[in-house]
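# Working through the structure, step by step
The primary structure of each chain is shown beneath.
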Amino acid sequence: MATRALCGGPHYGRMQSRYVSGLTIRPLSSGDTATVEALFARLGADSRTRRFCGAKPRLSEAELAQLARVDATHHVLVAYVDGQSRPAGIARLVRDGPTAEIAFEVADEHQGRGIGSVLARELAADARAAGVEELVATVCGDNAPAVSLLRRVAHSLDVRWHGGEREFVLSLVEPYGASRHAPFGVS
């Protein structure tokens, strides 16, 4: 198992690929816009609208650079299905002290197969190991799969509405006396 470190931790930049539930999960290399573009190309119009909260036919160069940024505060995991060279999903975290913003994308043909859940568990484990206590996700109001995924990741969840978007604040800190038999509520 690879060392769990992220965002400027003692092993920053040395995380290795890991194999989880039929997926190879690896950290994105900083500036790897080709991988980001390859996954974006596998998202249909509805997936792009749900993920970006509006129509998104393409990513600008600036957006690509931002989404492919990996450094002391930006951590990105990429999932590959066995036998496939194209990415099946991406999980992204941007740290701000003990809090981090998260986002996920899963290729249309792989949605509903647990890839988002695996990425969420791995990203949350990396975040917890690095001392992140809360994750924040902004979700379009009608993105039921994303809402379901977030509910499975957190020990507790606070939801706030901002227009047509929901902001989820997920606590990664176990409540006093909580059992650890199922990490992050995922079985």
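A brief structural summary. (Residues numbered from 1 in each chain as written. Predicted model: local features only at pLDDT ≥ 70, side-chain atom pairs only at ≥ 80, totals over all residues. Heavy atoms only, no water.)

Here we come to the pairing of strand β5 (residues 99-106). Burial analysis of β5 places 6 of its 8 residues in the buried class, the great majority of the element. Across 8 bridges, strand β4 (residues 89-96) lies against β5 in antiparallel orientation. Bridge pairing links Ala91 to Phe104 in β5. Between β4 and β5, which pair antiparallel in sequence order, lie 2 residues; one of them, Gly97, sits at a positive phi of approximately 65°. Pairing of β5 with strand β6 (residues 134-140) involves 3 bridges; the strand directions are parallel. By the bridge assignment for β6, Ala100 is matched with Leu135. Of the crossover connections in this fold, the one passing from β5 over helix α4 (residues 115-129) to the parallel β6 is right-handed. (Buried < 20%, exposed > 50% of the residue type's maximum accessible area, 1.4 Å probe, protein only. Helix = DSSP H or I, 4+ residues; strand = E, 2+ residues; numbered from the N terminus. Pairing = 2+ DSSP bridges. Right-handed = clockwise from strand over helix to strand, strands pointing away.)

Throughout the structure, instances matching the rule amount to 1 disulfide. Here Cys53 connects covalently by a disulfide to Cys140, the sulfurs 2.1 Å from one another. Remark: Cys140 occurs in strand β6 and Cys53 occurs in the loop between α2 (45-52) and α3 (61-67); sequence separation between them is 87 residues. On the basis of relative accessible area, Cys53 is assigned to the partly exposed category, the value being 32%. (Disulfide = S-S within 2.5 Å.)

Our next topic: the nonpolar core. Ile25, Ile102, Phe104, Leu119, Leu135 and Leu150 are the most contacted members of the largest nonpolar core, which totals 31 residues. With 7 residues, the single largest contributor to this core is α4. Look past the residues within four positions of Phe104 in its chain and what remains in contact with it is Arg51, Ile90, Ala91, Gly116, Leu119, Ala120, Leu123, Leu149 and Leu150. Of all hydrophobic cores here, the second largest spans 15 residues; its members include Val76, Val78, Tyr80 and Ile90. (Core = buried A, V, L, I, M, F, W, Y, C linked by side-chain atoms within 4.5 Å. Contact = heavy atoms within 4.5 Å.)

Applying the stated criterion across every chain yields a total of 11 salt bridges. Linking Glu122 and Arg18 is a salt bridge whose minimum nitrogen-to-oxygen distance equals 2.5 Å. Taken together, the positions of Glu122 in helix α4 and Arg18 in strand β1 (residues 18-20) put the pair 104 residues apart, joining distant regions of the chain. Given a relative accessible area of 7%, Glu122 falls into the buried group. Here Arg18 falls in the buried class, since its relative accessible area comes to 5%. As a salt-bridge pair, Arg69 and Asp71 come within 2.5 Å of each other at their nearest N and O atoms. Each member of the salt-bridge network shares a partner with another, and the members are Arg18, Glu122 and Asp126. (Salt bridge = Lys/Arg side-chain N within 4 Å of Asp/Glu carboxyl O.)

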